[in-house]
Amino acid sequence: MTGQPAARGAAGRAIRAYWPMIYAPTAMYSMGQGALIPVLPKIAAHHAAGLAPEALLPAAALVAAMIPVGQLCGNLPAGVFIARFGERAAMIVAAGISLVGIAVMLLAPNIAVLGLGALLIGTCASIFALARHAFMTTRAPLAFRARALALIGGSFRLGTFTGPLMAAGLIAMTGSETSTLWFFGACLVAMGLLVAFGPDPETRAAADDRARRARERSMELEDTGEPVTGSIPAAGRHGLFATIRRHRGVLARLGLSAASMAAVRAGRQAILPLWGLAIGLESWQISLIVGFAGAAEFSLFYASGQVMDRFGRIWATVPSQLMMGLSLLCLALTHNAGSAEIAFAVCAIIIGIGNGLSSGALMTLGSDQAPQDDPAPFLGAWRTMTDGGASATPLLVAGITAIASLPVATGVIGAIGLVGALGFMRWVPRYSPNR
């Protein structure tokens, strides 16, 4: 029993000592991505200027969907790559490939090539999302796991807050939405340099583990007076598909509920820029409103971790789903209102508050179920479930918008949020780590 508190203490010290290297790369990446996402439909609309007016919004939505679709495609390979080569190498490679994706988007002659560049960026985004998730799953003890992962979620939300505001300023100064692509590239270069030349928390944590095991072996030697023969057996590792088979129950139940939350989150990222475009707002105005919504998210990220650690995961997931789902349903009714701009801003901020209440919730739920000895394959499968919901939603929004209208698509995503709340009420208590 003495080893477990010692391990918790060592993990806590490692996280506190290396928090800049744990959280800063995530914040840098999300800042660049947060600057691009609100204006990506507008960039796509410029490339689709030759299309019929009724095809403009669906085409812009389809390009915006390429980032979550790419993230879905990259999750399983990312889990295998990180497990084999480590987080540091994976993030450096992903930063380089993302820069290629940005170059493709900057030089894109048409909307198809623009979508290809967005797909490439999304594929690499899965590595950034999974790398720190796997690290914190292994290192953060259950007692403060939700708060540690909420800080990861807060790092992402820092980008969704500051990124759109940076985009609004850049567009106001340059008059061009492509300035956000250059800003994203600068964030990737800075993040790659930090990861490549900064201290590696993964290496330090492994060294701390080896030192702790050596101390425990020496204590056993002193207690028994007998030499310790052999070595501590390594924990068994399972392949990717074997891991999926072993955990198919939780993936099909709790994972499907988590996918609904990811769907609503991705739906709001797809819908809000399109809604601003549909009611005639300028790019900088859309970025400003999305930035204020991101500020509301960011202000609540640590409170979410406190709630999950102290009262349980259900008290963050269910209220979040209800708030986001109901806000989207309300937004769907305001398209032809006399004050559509004000309604858009208010609903966007309420959706941001709801999302902030669940900061780190999907990562925490995944970490609760992941094998502690080898979490990356399971987390790759878990993120495939959640990103499956995230990537399908923009395509769903684009399809419903083309067939019916944007308000109908918004209402459908809001209904998914309410159904997801019921799923969390059913499955979160069943799979609680404290059950």
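Residues numbered from 1 in each chain as written. Predicted model: local features only at pLDDT ≥ 70, side-chain atom pairs only at ≥ 80, totals over all residues. Heavy atoms only, no water.

1. Description of the overall build of the chain
So, step 1. Broken down by element type, the chain carries 18 helices and zero strands.
So, step 2. By residue count, 54% of the 435 residues in the chain fall in the buried class.
So, step 3. Looking at the chain alone, contacts between residues at least 24 apart form 85% of all its contacts between residues at least 6 apart.
So, step 4. Here the chain has roughly 18,000 Å² of accessible surface; of this, 68% comes from carbon and sulfur atoms. (Helix = DSSP H or I, 4+ residues; strand = E, 2+ residues; numbered from the N terminus. Buried < 20%, exposed > 50% of the residue type's maximum accessible area, 1.4 Å probe, protein only. Contact = heavy atoms within 4.5 Å. Areas by Shrake-Rupley, 256 points an atom, 1.4 Å probe, with all protein chains shown as cover.)

2. With respect to the nonpolar core
So, step 1. Ranked by internal contacts, the top residues of the largest apolar core, which has 84 residues, are Tyr29, Leu36, Met105, Phe128, Leu254 and Phe344.
So, step 2. Looking at this core, the element that brings in the most residues is helix α11 (residues 248–278), giving 12 residues.
So, step 3. Residues within four places of Phe128 in sequence aside, it is in contact with Tyr29, Met91, Ala94, Ala95, Ser98, Leu188 and Met191.
So, step 4. In terms of nonpolar packing, the next biggest core, distinct from the first, is built from nine residues, Ile22, Met136, Ala148 and Leu149 among them. (Core = buried A, V, L, I, M, F, W, Y, C linked by side-chain atoms within 4.5 Å.)

3. What to know about empty space enclosed by the protein
So, step 1. Applying the stated criterion across every chain, the model contains three cavities of 30 Å³ or more.
So, step 2. What the largest cavity holds in volume is close to 960 Å³.
So, step 3. What lines the largest cavity is a set of 43 residues, among which Gln33, Phe156, Arg265, Arg268 and Gln269 lie closest to the centre.
So, step 4. Of all the elements in the fold, those that place two or more residues in the lining of the largest cavity are α2 (19–36), α4 (53–85), α6 (111–139), α7 (145–174), α11, α12 (283–299), α16 (361–369) and α17 (375–403).
So, step 5. For the lining of the largest cavity, the element with the most residues is α11, which contributes eight residues.
So, step 6. Considering only residue class, the lining of the largest cavity consists of 25 nonpolar, 12 polar and six charged. (1 Å grid on protein atoms, 1.4 Å probe; cavity = no way out; pocket = protein on both sides within 12 Å on 5 of 7 lines; lining within 4 Å. Points joined across faces, edges and corners; volume = space filled by probe spheres on them. Nonpolar A, V, L, I, M, F, W, Y, C, P; charged D, E, K, R; others polar.)

4. With respect to the packing of α6 against α7
Any two packed helices are characterised by the angle at which their axes cross and by the distance between the axes.
So, step 1. Packing of α6 against α7 leaves a shortest axis separation of 10 Å and a crossing angle of 165°. Judged on the interaxial angle alone, α7 and α6 are roughly antiparallel. Here α6 runs over α7; the crossing is right-handed. Residues Ala129, Arg132, His133, Met136 and Thr137 of α6 pack against Arg145, Ala148, Leu149, Ile152 and Phe156 of α7. (Axes fitted to C-alpha atoms, helices over the stretch in contact; angles between N-to-C directions. Parallel < 35°, antiparallel > 145°, perpendicular 65-115°, else oblique. Left-handed = near helix turned anticlockwise from the far one by under 90°.)

5. So, the environment of Ser405
So, step 1. Inspection of the secondary structure assignment puts Ser405 in the loop between α17 and α18 (406–427).
So, step 2. For the pair Ser405 and Leu57, spaced 348 residues apart in the sequence, the C-alpha separation amounts to 9.8 Å.

6. Structural notes on the pattern of salt bridges
So, step 1. Per the stated rule, a full pass over the model turns up three salt bridges.
So, step 2. Linking Glu297 and Arg268 is a salt bridge whose minimum nitrogen-to-oxygen distance equals 2.8 Å. Linking Glu297 in helix α12 with Arg268 in helix α11, this pair joins segments that are 29 residues apart in sequence. Considered together, Glu297 and Arg268 belong to a single accessibility category, that of buried residues.
So, step 3. Where Arg313 meets Asp309, a salt bridge forms, and the shortest distance between an N and an O atom there is 3.6 Å.
So, step 4. A residue is classified by how much of its surface remains accessible, and Arg313, at 9% relative accessible area, is buried.
So, step 5. Each of Asp309, Arg313 and Asp368 takes part in a single network of salt bridges with overlapping partners. (Salt bridge = Lys/Arg side-chain N within 4 Å of Asp/Glu carboxyl O.)

7. Things to note about the packing of aromatic side chains
So, step 1. This model, assessed by the stated rule, comprises four aromatic pairs.
So, step 2. Judged by centre distance (5.5 Å) and plane angle (65°), the rings of Tyr29 and Phe184 are edge-to-face. Here the residue Tyr29 occupies a position in helix α2, and Phe184 occupies one in helix α8 (residues 179–197), the gap between them amounting to 155 residues. With respect to class, Tyr29 is no different from Phe184; both count as buried.
So, step 3. An angle of 45° between the planes, with centres 4.8 Å apart, marks the rings of Phe81 and Phe85 as tilted. With Phe81 and Phe85 both in helix α4 and four residues apart, the pair spans about one turn of that helix.
So, step 4. Note on Phe81: relative accessible area 28%, which makes it partly exposed.
So, step 5. Taking NZ or CZ as reference, Arg426 lies 4.3 Å from the ring centre of Trp427, over its face. (Phe/Tyr/Trp six-rings, centres within 6.5 Å; stacked < 30°, edge-to-face > 60°. Lys NZ or Arg CZ within 6 Å of the ring centre and 35° of its normal.)

8. Brief notes about α7
So, step 1. Its 30 residues place the ends of α7 43 Å apart at the C-alpha level, agreeing with the 44 Å of an ideal helix rising 1.5 Å per residue.
So, step 2. Positive phi shows up at Gly175, right after α7, with a value of about 75°. (Expected span 1.5 Å × (residues − 1).)

9. Examining a nonpolar patch on the surface
So, step 1. Taken together, the side chains of Leu99, Val189, Leu193 and Phe197 make up a nonpolar region of the molecular surface, amounting to roughly 400 Å² of accessible area.
So, step 2. Looking at the nonpolar patch, the element that brings in the most residues is α8, giving three residues.
So, step 3. Looking at the element boundaries, Val189 is found in helix α8.
So, step 4. For Val189, a relative accessible area of 41% translates into the label partly exposed. (Patch = residues over 30% accessible without salt bridge, like charges linked within 9 Å, V, L, I, M, F, W, Y side chains within 5 Å.)

10. Some points on α11
So, step 1. At Gly255, α11 is bent by approximately 40°, the largest bend along its length.
So, step 2. Across the 31 residues of α11, 24 count as buried, placing the element largely inside the fold.
So, step 3. Positive backbone phi, approximately 90°, marks Gly280, located one or two places after α11. (Bend = angle between axes of the 7 residues up to and from the residue.)

11. A word on the side chain of Thr180
So, step 1. The topology assignment puts Thr180 in helix α8.
So, step 2. In terms of polar contacts, Thr180 uses its side chain to reach the backbone carbonyl oxygen of Glu177, at 2.7 Å.
So, step 3. Beyond its immediate stretch of four places on either side in the chain, Thr180 contacts Ala35, Leu36, Val39, Ile43 and Ala167. (Polar contact = N/O pair within 3.5 Å; in protein donor to acceptor, adjacent residues only side chain to side chain.)

12. Details of the confidence of the model for the chain
So, step 1. Summing up the model confidence of the chain, the mean pLDDT is 80 and the portion of residues at 70 or higher is 84%.
So, step 2. Looking at the elements of the chain, mean pLDDT is at its lowest for helix α1 (residues 3–17), recorded as 51, and at its highest for helix α14 (residues 314–332), recorded as 94.
So, step 3. With pLDDT under 50 throughout, residues 1–9 is counted as low confidence; its partners more than four residues away or in other chains account for five contacts.
So, step 4. Across residues 224–237 the pLDDT falls below 50, and counting only partners more than four positions away or on other chains, this stretch makes 12 contacts in the model. (pLDDT = per-residue confidence, 0-100.)

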